[in-house]
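Spelled out, the chains give:
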Amino acid sequence: VLQRRDAVLGLEDAAQVPVADAEPLGQAREVRRLAARRLRVELVGRLARELELSHHELQHRAALLAQAEEIALIGSTETLLATGETTLSAGLCRLFGEAPIGEPVSAQWLWDRVPDEERQLVKFVRESVQTDEPFEFQHRIVRRDGGIRTVLHRGRIELGADGAPLRLHATLQD
């Protein structure tokens, strides 16, 4: 039973702890139990260190991305096509003169920031692109303060395993 438990927990080595032939069976089980516990503690410690390093690396990469967006005057979006739920980068919010938005917004949020005279063009391009081939065009946007900016809009549609459009990835550059 102990060996089966140790195998399930990934502690096969715990069963290999040398136990003198003269030790009673109870002591041998206790030695195995303590060895298994020590291995679990070591494993948890190792995983915690790896998680902390991964977290720091992720924070560093996020800072690099934010810096690149600010320097290049760009921002990006990801839209789930089935729901219209859109995630905005801090750089994109900055392009529109908005504070960073932590929660996804509706696709309408972006649409409301396209001037009326540009909407037909944006709609045409959006509806024309149905593959994972990149697209690129220019149009204007309306900032929160009412200012107008011309942006280079690049993107592509990610296809699902079934070949149907899944997500729209886009980058806007001032």
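Residues numbered from 1 in each chain as written. Predicted model: local features only at pLDDT ≥ 70, side-chain atom pairs only at ≥ 80, totals over all residues. Heavy atoms only, no water.

Q: Give me the overall build of the chain: which residues, what numbers.
A: A tally of regular secondary structure across the chain gives five helices and five strands. When the helices and strands of the chain are read in sequence order from the N terminus, they spell out α-α-β-β-α-α-α-β-β-β. Each of the 174 residues in the chain was classed as buried or not, and the buried ones make up 26%. Within the chain, residue pairs in contact and separated by at least 24 positions form 36% of the contacts whose partners lie at least 6 positions apart. For the chain, the accessible area works out to roughly 11,800 Å², and carbon and sulfur atoms hold 55% of it. (Helix = DSSP H or I, 4+ residues; strand = E, 2+ residues; numbered from the N terminus. Buried < 20%, exposed > 50% of the residue type's maximum accessible area, 1.4 Å probe, protein only. Contact = heavy atoms within 4.5 Å. Areas by Shrake-Rupley, 256 points an atom, 1.4 Å probe, with all protein chains shown as cover.)

Q: Report on the sheet that holds strand β1 (residues 74-80), specifying residues and quantitative values.
A: A sheet is described by the order of its strands in space; here five strands give the open sequence β2-β1-β5-β4-β3, paired in antiparallel fashion. Of all the strands in the sheet, the pair left with one neighbour each is β2 (86-88) and β3 (135-142). On average, each strand axis in the sheet is inclined to that of its neighbour by 25°, with strand direction left out of account. Note: strand β4 (residues 148-159) against strand β5 (residues 165-173), eight bridges, orientation antiparallel. (Pairing = 2+ DSSP bridges. Axes fitted to C-alpha atoms, helices over the stretch in contact; angles between N-to-C directions.)

Q: How would you explain the pairing of β3 if you had to name every residue and give the values?
A: Judged by which residues are buried, β3 turns out to be one-sided: Phe135, Phe137, His139 and Ile141 face inward and are buried, whereas Glu136, Gln138, Arg140 and Val142, on the alternate face, are not. Of the strand pairs in this sheet, β3 and β4 are connected by eight bridges, and their pairing is antiparallel. Across the sheet, residue Ile141 finds its bridge partner in β4, namely Arg149. Counted along the chain from β3 to the antiparallel partner β4, the turn is five residues long, and its residue Gly146 has a positive phi close to 90°.

Q: Explain the pattern of salt bridges residue by residue, including any values.
A: Across all of its chains, the model carries 13 salt bridges by this definition. A salt bridge links Arg61 to Glu57, with the nearest nitrogen and oxygen atoms 2.6 Å apart. Here the residue Arg61 and the residue Glu57 both occupy positions in helix α2 (residues 25-72), the gap between them amounting to four residues, near one helical turn. In this structure Glu57 comes out as partly exposed when scored by relative accessible area, which is 37%. Ionic pairing is found between Asp116 and Arg119, a salt bridge with its closest N-O pair at 3.8 Å. Placement of the pair is Asp116 and Arg119 together in helix α5 (residues 116-128), with a separation of three residues, close to one helical turn. (Salt bridge = Lys/Arg side-chain N within 4 Å of Asp/Glu carboxyl O.)

Q: Break down the nonpolar core for me, with residues and values.
A: In this structure, Leu88, Leu92, Cys93, Leu95, Phe96, Val105, Trp109, Leu110, Ile141, Val151 and Leu172 together form the largest nonpolar core, which totals 11 residues. The set of elements that each furnish at least two residues to this core consists of α3 (90-95) and α4 (107-111). Setting aside residues up to four positions removed in sequence, Cys93 forms contacts with Leu88, Glu98, Ala99, Pro100 and Ile101. If you look at the next biggest cluster of nonpolar residues, it comprises eight residues, including Val125, Val129, Ile157 and Leu168. (Core = buried A, V, L, I, M, F, W, Y, C linked by side-chain atoms within 4.5 Å.)

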